[in-house]
Amino acid sequence: MNIIGPDTLVFGVDDLAASSQYLIDYGLRDAGNGRFDALDGTGIVLRHQDDASLPPSLGTASMLRKTIYGVADVATVEAIAQELQSDREVRRLPDGAIEVEDDMGFTLGFQVTQRRTLNLPAETINAPGAPAQRAPNIVAVDDAADLTPRTLSHVVYFVPDVAKAEVFYTRLGFRCTDRFTGVGPFLQPGGSIDHHTLFMIETPPFMKGCEHFTFHMSGPTALMQAGSNFVNKGYQSFWGPGRHRFGSNWFWYFNSPLGCHVEYDADMDLHDD
């Protein structure tokens, strides 16, 4: 199934003002009506935790209410509906999207992707022994650079049964690219070659929820600049900066008022089938 990756994460928070300011300071664009977007239109939606339009909470401290996946076309939405309606309710929404619960109770949406195609330059480097990527007198660091995140990269779930959770996603064409022994799988949907768009970590049931989400930056320099700016605005670094072994992506994690960590990432590995 041609699932591209997460288009939107929906949160029900207790402090809308602080959470909104957090996402703006993180670098997302305020698109109005509680939506905060990256350059390609993927993003985060915030609602108050008591908003009647939200799906039910997970019954834990997690504030994530819904993960909306973008897919290639209407045929993929219908294929997902046909696959899942045999053993669970599939709710059809007025805009043509569908909504279901996975086997751990996470609410998922599937829609024809709303993301925009980007055509932007990548970060360049100069290294001894290799042809220069930046000409003489071209300075790498620009304090006025646009540090808006480019696209929603991945989401990480705490789940009480990793094996059962993984089976559900493999039904939808996700495949495991790497497995963190004793922790959980890194999963890649059929419409992406990113190392992963979903990672799951096995935890006790009371911890079920979102551990973190992250957006891709243009490169490690943008990650370092954005993270440094975030620290200077008073936000607390949780882990990083550094570089992961699984996926090779650069990372920098921060605490947040959204009930999870929020990461900047850059330069993830790509893998074909």
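Above this text is the structure in question.
As the structure is a computational prediction, the values presented were derived from the model and not from experiment.

## A few points about the side chain of Q225
Step number 1: Here Q225 shows up in helix α4 (residues 220–232).
Step number 2: Look at Q225 and you get buried, because its relative accessible area is 17%.

## Considerations on α4
Step number 1: Its 13 residues give α4 an end-to-end C-alpha distance of 18 Å, which sits within 8% of 18 Å, the value for a rise of 1.5 Å per residue.
Step number 2: Along α4, the positions that sit buried rather than exposed are A222, L223, Q225, A226, G227 and F230.
Step number 3: Where α4 is buried, its residues contact α1 (16–26), β14 (237–243), β15 (250–254) and β16 (261–266).
Step number 4: Where α4 terminates, the next one or two residues include G234, which has phi positive at roughly 100 degrees.

## What about the nonpolar core?
Step number 1: Judged by nonpolar contacts, the single largest core of 58 residues is most densely connected at F11, I44, F110, Y157, Y169, F213 and L258.
Step number 2: Beyond its immediate stretch of four places on either side in the chain, Y157 contacts L64, T67, D102, F106, L108, Y169, L198, F199, M200, I201 and G209.
Step number 3: Counting residues in hydrophobic clusters, the runner-up holds 5 residues, among them V156, F158, F199 and I201.

## A short note on the pattern of salt bridges
Step number 1: This structure, assessed with the given rule, holds 15 salt bridges.
Step number 2: Close ionic contact of R171 with E83 constitutes a salt bridge, the shortest N to O distance being 2.8 Å. With R171 in helix α3 (residues 162–171) and E83 in helix α2 (residues 74–84), the pair connects residues that are 88 residues apart, well separated along the chain.
Step number 3: A salt bridge links D103 to R88, with the shortest nitrogen-to-oxygen separation between them at 2.9 Å. Taken together, the positions of D103 in the loop between β7 (98–101) and β8 (107–112) and R88 in the loop between α2 and β6 (91–92) put the pair 15 residues apart, joining distant regions of the chain.
Step number 4: Accessibility expressed as a relative area gives 17% for R88, which makes it buried.
Step number 5: Three or more residues joined by partner-sharing salt bridges are found here, namely K66, E89, R91, E99 and E101.

## Some points on α2
Step number 1: Of the positions making up α2, those classed as buried are T76, V77, I80, A81 and L84. Viewed along the axis of α2, the buried residues span an arc of 140 degrees, placing them on a single side of the element. Turned more than 90 degrees off the buried face of α2, the exposed positions are V74 and A75.
Step number 2: Each element contacted by the buried residues of α2 is listed here: β1 (3–13), β5 (64–71), β6, β7, β8 and α3.

## Quick word on unusual backbone geometry
Step number 1: Across the junction of G240 and P241, the peptide omega takes the value 5 degrees, indicating a cis bond.
Step number 2: Here P241 lies in strand β14.
Step number 3: The phi dihedral of N137 falls on the positive side, at around 75 degrees, and the residue is not glycine.
Step number 4: Notably, S248 is not glycine yet its phi reads approximately 65 degrees, a positive angle.
Step number 5: Note on placement: S248 falls in the loop between β14 and β15.

## What to know about the sheet that holds strand β11 (residues 184–188)
Step number 1: Spatially, β10-β11-β12-β9-β13-β16-β15-β14 is the arrangement adopted by the 8 strands of the open sheet, whose pairing is mixed. The open sheet is flanked by β10 (175–180) and β14, the only strands paired with a single partner. Taking the axes of each pair of neighbouring strands and ignoring which way they run, one obtains an average angle of 20 degrees across the sheet.
Step number 2: Bridge count for β15 against β16 is 5 bridges, and the pairing is antiparallel. Pairing of F251 across the sheet is with D265, part of β16.
Step number 3: The strands touched by α1 are β13 (209–216), β15 and β16; relative to β16, the strand with the most contacts, the crossing angle is about 15 degrees.
Step number 4: Running over the sheet, α3 touches β9 (151–159), β10, β11 and β12 (198–202) and is turned about 160 degrees from β12.

The rules behind these values
Residues numbered from 1 in each chain as written. Predicted model: local features only at pLDDT ≥ 70, side-chain atom pairs only at ≥ 80, totals over all residues. Heavy atoms only, no water. Helix = DSSP H or I, 4+ residues; strand = E, 2+ residues; numbered from the N terminus. Buried < 20%, exposed > 50% of the residue type's maximum accessible area, 1.4 Å probe, protein only. Expected span 1.5 Å × (residues − 1). Contact = heavy atoms within 4.5 Å. Core = buried A, V, L, I, M, F, W, Y, C linked by side-chain atoms within 4.5 Å. Salt bridge = Lys/Arg side-chain N within 4 Å of Asp/Glu carboxyl O. Arc of directions from axis to C-beta. Pairing = 2+ DSSP bridges. Axes fitted to C-alpha atoms, helices over the stretch in contact; angles between N-to-C directions.

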